[in-house]
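# Descriptive analysis of the structure
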Amino acid sequence: MSAHLVSLRSLLDLLGREGELRVVDAPVDPALELAEIQRRVVAAQGPALLFTCVKGTRFPVATNLYGTPRRVELAFGREPVRFFRQVAEAAEVMHDLRARSLWRCRGVARRLLRLGWRTRRSAPVLECSPPSPRLSLLPQVKSWPLDGGAFLTLPLAYSEHPATGRANIGMYRNQIFPDPAPGDAAQLGMHVQIHRGLGFHHHEAELRGEPLPVNIFLGGPPALTLAAVAPLPEDVPEAVFASLVMGGRIGVVRPDGGMPVVAEAEFALCGEMPPDVRREEGPFGDHYGYYSLRHPFPVFSLRRMFHRKDAIFPATVVGRPRQEDHYIGDYLQELFAPLYPLVMNGVRAVRAYDDAGMHPLAAAVVSERYPREAFMAGLRILGEGQLSLTKFLLLTDAPLPLREFRPLLTHILERADFATDLFIFSPVAEDTLDYTGGRLNEGGKAILMGLGGRRFELAREAGGGFRDGRFGNPRVYAPGVVVVEGPAWGGDPAALCSRLAAEGAVRPFRLAVMVDRGLAADCAGGDEAFLWTVFTRFDPAADIHSREVSLKRLHPGFEAPLVLDCRMKPWYPPLALPAPETVAAVDARWKEFFPASL
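Note that the structure is a prediction, hence the values are computed from the model and not measured. (Residues numbered from 1 in each chain as written. Predicted model: local features only at pLDDT ≥ 70, side-chain atom pairs only at ≥ 80, totals over all residues. Heavy atoms only, no water.)

### Some details on the overall build of the protein
What the protein contains, in helices and strands, is 17 helices and 30 strands. Expected size for 598 residues packed as a compact globule is a radius of gyration near 25 Å; at 25 Å, the protein falls within 12% of this value. The dimensions of the protein, computed from C-alpha atoms along their principal axes, are 75 × 70 × 55 Å. Going through the 598 residues of the protein one by one, you find that 58% of them count as buried. Contacts in the protein between residues far apart in sequence, at least 24 positions, make up 75% of those at least 6 positions apart. (Helix = DSSP H or I, 4+ residues; strand = E, 2+ residues; numbered from the N terminus. Rg over C-alpha atoms; globule rule 2.2 N^0.38 Å. Buried < 20%, exposed > 50% of the residue type's maximum accessible area, 1.4 Å probe, protein only. Contact = heavy atoms within 4.5 Å.)

See below:
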């Protein structure tokens, strides 16, 4: 279905034909109102949206393009999933060099010959080029009340390594700074995360004292959006992956003989990242559900702007899961699943949990053919691309469906000995958006292994009260797991957690999760709330406790029950929540936006 979707508008046309697009002609404010509408439509599993009358700009805005599994399938199709499975099968049969085995790989080989760029002489994106480009011409979409300003939320940043020339396309949020004085270049903030290709390219350019040329595209083939967020190895070009998904080469033009510009993009911003220049960027409500705070980040200086004469501006809204990006993440995990065993020996399956924000939690099925082989597989996962930012990693050697989190956690808790099967690492690199470690880009990691046969019985009911009146409202999330409310963070957290572990109401459980007042029932009631509350609010190196911790051969051994301190800490950023006045305004105008039901 998705073959040869070469542009944003070809996707919109398809969604319109399939009844998956709603056109909103009523005037909408890009500051907070538009985002509040999208969040409600995402929650309702509603259609993609095309806002035709956005205040302050002549450009319409398209959002929620990928906000359901069906629209993801319409955009990308099932063929890439089948192809990746064929690649995995081909890698296996290549060990057998007989003609019949090699003939089975012919489809893979044929497709690999049709990948990459295709240079064109003209392009729709070059139809307009303002002589004095100003970023204020673009829709100024602001998603959350404490955001530092308007941001580009679906930008595709193209750069080339200064030494090797290898290209990278990544998605990095761009804060739109106010228009400069006449004669000065307009600037964007570049929220470059430490583990992404543009960050490596910029680092090398700064070592050389050189500006890094960058082209930023908005729109173009949907496959480029997928490629920009895909967990590709550093040396695999995103253009190759995107053309594979699209089913053909991607058309580009090279204005003035420079770096490529995607021919079917809606907008192209051409410029550079100057060396050793930083500007305060943020805050911004991010996909963990909190604000990432204000920090100095590199900048992009705009030199030229191109756009179609009837350009459409693509945007999205991120926030507490699940949002639109959840469905792209799900698709990518299915896409890459067959390849993990090929690139990581001893790893059979991997899954990151979007409900926890992706990087905070992952699980894997691994081999245990000799003692502690699983630990080596865990280290491979923590050393692989974007998976290296995983904060908490669960390992099992049983062929369990990793999508089902509660049964997986139950299986692991029946087998994990906290004295020998829990490994904590600190200080190590952390996701830029994770503030639990107290420092930007730094925190702790943990691996918990539950291997072999069952060794422990798990409590299934909470009983009895607490001797310490600071604890209350125990709720069972899963066998062996109890959620308990505690006081606001402060004083001696380790002593408090040790006290909780000694309580009779907690002792029968293997894992106790301490949360803030009023959260236990919601946290224990479903996977989404549990995963988000727990794994976005604790640092393994600081917030794992038990009654007794022993040190044997420099390995800390914990006694059950293990206590996770998942209360909000003073240095955590605030939650990203809509402004009450915005909620009220959208309530009042809802029938204006959608005269018919979604």
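Anyway, onward from the coordinates.
### Description of the packing of aromatic side chains
Overall, the coordinates contain 21 aromatic pairs when judged by the stated rule. Considering the side-chain rings of F84 and F336, the 5.5 Å spacing of their centres and the 80 degrees angle between planes classify their relative orientation as edge-to-face. On the criterion of sequence distance, the pair formed by F84 in helix α4 (residues 79-93) and F336 in helix α10 (residues 325-336) is long-range, its members being 252 residues apart. Residue F84 shares its accessibility class with F336, and that shared class is buried. Ring centres 5.8 Å apart and planes at 15 degrees place the aromatic pair F241 and F336 in the stacked group. Here the residue F241 occupies a position in helix α9 (residues 238-246), and F336 occupies one in helix α10, the gap between them amounting to 95 residues. Put simply, the rings of F83, F84, F241 and F336 pair up and form one aromatic cluster. Taking NZ or CZ as reference, R39 lies 3.9 Å from the ring centre of W144, over its face. Between R510 and the ring centre of F456, over which it is positioned, the NZ or CZ distance is 3.9 Å. (Phe/Tyr/Trp six-rings, centres within 6.5 Å; stacked < 30°, edge-to-face > 60°. Lys NZ or Arg CZ within 6 Å of the ring centre and 35° of its normal.)

### Regarding unusual backbone geometry
R322 follows P321 through a cis peptide bond whose omega is 10 degrees. Checked against the element boundaries, R322 lands in the loop between β18 (313-314) and α10. The linkage connecting A560 with the following residue, P561, adopts the cis geometry, with an omega of 0 degrees. Mapped onto the elements, P561 comes out in the loop between β29 (555-558) and β30 (562-565). One non-glycine residue with positive phi stands out, namely L554, at about 65 degrees. In this structure, L554 sits in the loop between β28 (549-552) and β29. Look at L554 and you get exposed, because its relative accessible area is 75%.

### What about the pairing of strand β1 (residues 21-24)?
For β1 and strand β2 (residues 48-51), the ladder comprises four bridges, and the chain directions are parallel. Within the sheet, the bridge partner assigned to R22 lies in β2 and is L49. Running through helix α2 (residues 33-43), the crossover from β1 to the neighbouring parallel element β2 is right-handed. (Pairing = 2+ DSSP bridges. Right-handed = clockwise from strand over helix to strand, strands pointing away.)

### Re the pattern of salt bridges
In this structure the tally under the stated criterion is 42 salt bridges. The salt bridge involving E36 is made with R39; its shortest N-O contact spans 2.9 Å. With E36 and R39 both in helix α2, this residue pair falls three residues apart, about one helical turn. Classification of E36 by relative accessible area gives buried; the value is 6%. Under the relative-accessibility criterion, R39 is labelled buried at 11%. A salt bridge links D468 to R499; the nearest nitrogen and oxygen atoms lie 3.9 Å apart. Here R499 lies in helix α14 (residues 493-502) and D468 lies in the loop between β23 (442-450) and β24 (472-478), a separation of 31 residues in the sequence. For R499, a relative accessible area of 43% puts it in the partly exposed group. (Salt bridge = Lys/Arg side-chain N within 4 Å of Asp/Glu carboxyl O.)

### Overview of the nonpolar core
Grouped together as the largest cluster of nonpolar side chains are 78 residues, with contacts concentrated most on L65, L226, F241, L335, F336 and I381. In terms of residue count, the dominant contributor to this core is α10 (six residues). Excluding anything up to four places from it in sequence, L65 contacts L8, L11, L12, L15, A48, R71 and E324. (Core = buried A, V, L, I, M, F, W, Y, C linked by side-chain atoms within 4.5 Å.)

### Points about the state of the cysteines
Scanning all chains against the criterion turns up zero disulfides. No disulfide involves C523; its sulfur sits 7.4 Å from the nearest other cysteine sulfur, which is in C566. (Disulfide = S-S within 2.5 Å.)

### Details of the pairing of β30
In regular strands, side chains alternate between the two faces of the sheet. With burial as the criterion, each face of β30 is covered, one bearing L562 and L564 and the other bearing V563 and D565. Of the strand pairs in this sheet, strand β26 (residues 511-515) and β30 are connected by four bridges, and their pairing is parallel. The residue of β30 that forms the bridge with M514 is D565. Pairing of strand β27 (residues 544-545) with β30, which is carried by two bridges, proceeds in the antiparallel orientation. From the neighbouring strand, H545 faces β30, where its bridge partner is V563.

### As for a nonpolar patch on the surface
A cluster of nonpolar side chains, namely Y370, M376 and L379, defines an oily patch on the protein surface of about 270 Å² accessible area. Turning to its location among the elements, L379 is positioned in helix α12 (residues 373-382). (Patch = residues over 30% accessible without salt bridge, like charges linked within 9 Å, V, L, I, M, F, W, Y side chains within 5 Å. Areas by Shrake-Rupley, 256 points an atom, 1.4 Å probe, with all protein chains shown as cover.)

### Some points on the sheet that holds strand β19 (residues 347-353)
Spatially, β19-β20-β21-β23-β22 is the arrangement adopted by the five strands of the open sheet, whose pairing is mixed. Looking at the sheet topology across the chains shown, the edges are occupied by β19 and β22 (422-429). Adjacent strand axes in the sheet meet at a mean angle of 20 degrees, parallel and antiparallel pairs treated alike. The sheet contact formed by β19 and strand β20 (residues 358-366) spans six bridges and is antiparallel. The partner of V347 across the bridge, within β20, is V366. (Axes fitted to C-alpha atoms, helices over the stretch in contact; angles between N-to-C directions.)

### Overview of the side chain of S159
Inspection of the secondary structure puts S159 in strand β6 (residues 156-160). Given the relative accessible area of 0%, S159 is considered buried. Only 2.8 Å separates the side chain of S159 from the side chain of H201, close enough to count as a polar contact. S159 has contacts with R166, A167, N168, L198, H201, L212, P213 and V214, leaving out every residue within four places of it along the chain. (Polar contact = N/O pair within 3.5 Å; in protein donor to acceptor, adjacent residues only side chain to side chain.)

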